[in-house]
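# Breakdown of the fold
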Amino acid sequence: MPTIVTYTDRTPPANRYPHQIISPPRAGACCFSEMEEVGTPQQDDRWVFQYRRCQRCGFAVRVVLREIPDTTLANSLRKELARSFVRNIPE
């Protein structure tokens, strides 16, 4: 999963959403209570995600909100399970 977050100590934190977010490599104690959502939820292949960034220190993460179900895979598994539990009784 590609990300727009760059983790580094060499440059100060910066929010250049939607192109780039520069973040410190480690979260601080302030991150637990100071995180804010950046932008709107986005979709990538099978995941819906959103970026969150600490208002105080600038630490940022990509948070996966949910998985998008693969309907083709689910249908094939449903058919396989239906066939697996059928009993063949010899005559």
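First things first, this report covers the structure right here in the doc. (Residues numbered from 1 in each chain as written. Predicted model: local features only at pLDDT ≥ 70, side-chain atom pairs only at ≥ 80, totals over all residues. Heavy atoms only, no water.)

### Re the pairing of strand β3 (residues 20-23)
- Note that strand β1 (residues 5-7) and β3 share three bridges and pair parallel. Bridge pairing links Y7 to S23 in β3.
- One ladder, built from three bridges, connects strand β2 (residues 14-16) with β3; its direction is antiparallel. Bridging across to β3, R16 finds its partner in Q20.
- Turn length for the β2-β3 hairpin, with the two strands adjacent in sequence and antiparallel, is three residues. (Pairing = 2+ DSSP bridges. Helix = DSSP H or I, 4+ residues; strand = E, 2+ residues; numbered from the N terminus.)

### Describing the nonpolar core
- Listed in full, the seven residues of the largest apolar core are I4, V5, I21, V38, F49, Y51 and A60.
- If sequence neighbours within four positions are ignored, Y51 has contacts with P2, T3, I4, V5, Y17, I21, E36, E37, V38, V61 and R62. (Core = buried A, V, L, I, M, F, W, Y, C linked by side-chain atoms within 4.5 Å. Buried < 20%, exposed > 50% of the residue type's maximum accessible area, 1.4 Å probe, protein only. Contact = heavy atoms within 4.5 Å.)

### Some words on the sheet that holds strand β6 (residues 60-67)
- Spatially, the three strands line up as an open sheet ordered β4-β5-β6, and their pairing is antiparallel. Each edge of the open sheet is held by one strand with a lone partner, namely β4 (35-44) and β6. With direction set aside, neighbouring strand axes in the sheet form an average angle of 25 degrees.
- Pairing analysis gives seven bridges linking β4 to strand β5 (residues 47-54), with the strands arranged antiparallel. The partner of E36 across the bridge, within β5, is R53. (Axes fitted to C-alpha atoms, helices over the stretch in contact; angles between N-to-C directions.)

### Details of helix α2 (residues 71-84)
- In this model α2 runs 20 Å from its N-terminal to its C-terminal C-alpha over 14 residues, within 8% of the 20 Å that 1.5 Å per residue would give.
- Counting buried positions along α2 yields zero of 14 residues, so the element is predominantly exposed. (Expected span 1.5 Å × (residues − 1).)

### Section: the side chain of D44
- Tracing the chain through its elements places D44 in strand β4.
- Relative accessible area serves as the criterion here: at 17%, D44 is assigned to the buried category.

### Comments concerning the sheet that holds β2
- Spatial ordering of the open sheet is given by β1-β3-β2, a layout of three strands whose pairing is mixed. Two strands in the sheet have a free side with no partner beyond their single neighbour: β1 and β2. Neighbour-to-neighbour, the strand axes of the sheet open up by a mean angle of 15 degrees, direction not taken into account.

By themselves, these observations are geometric and do not establish any function.
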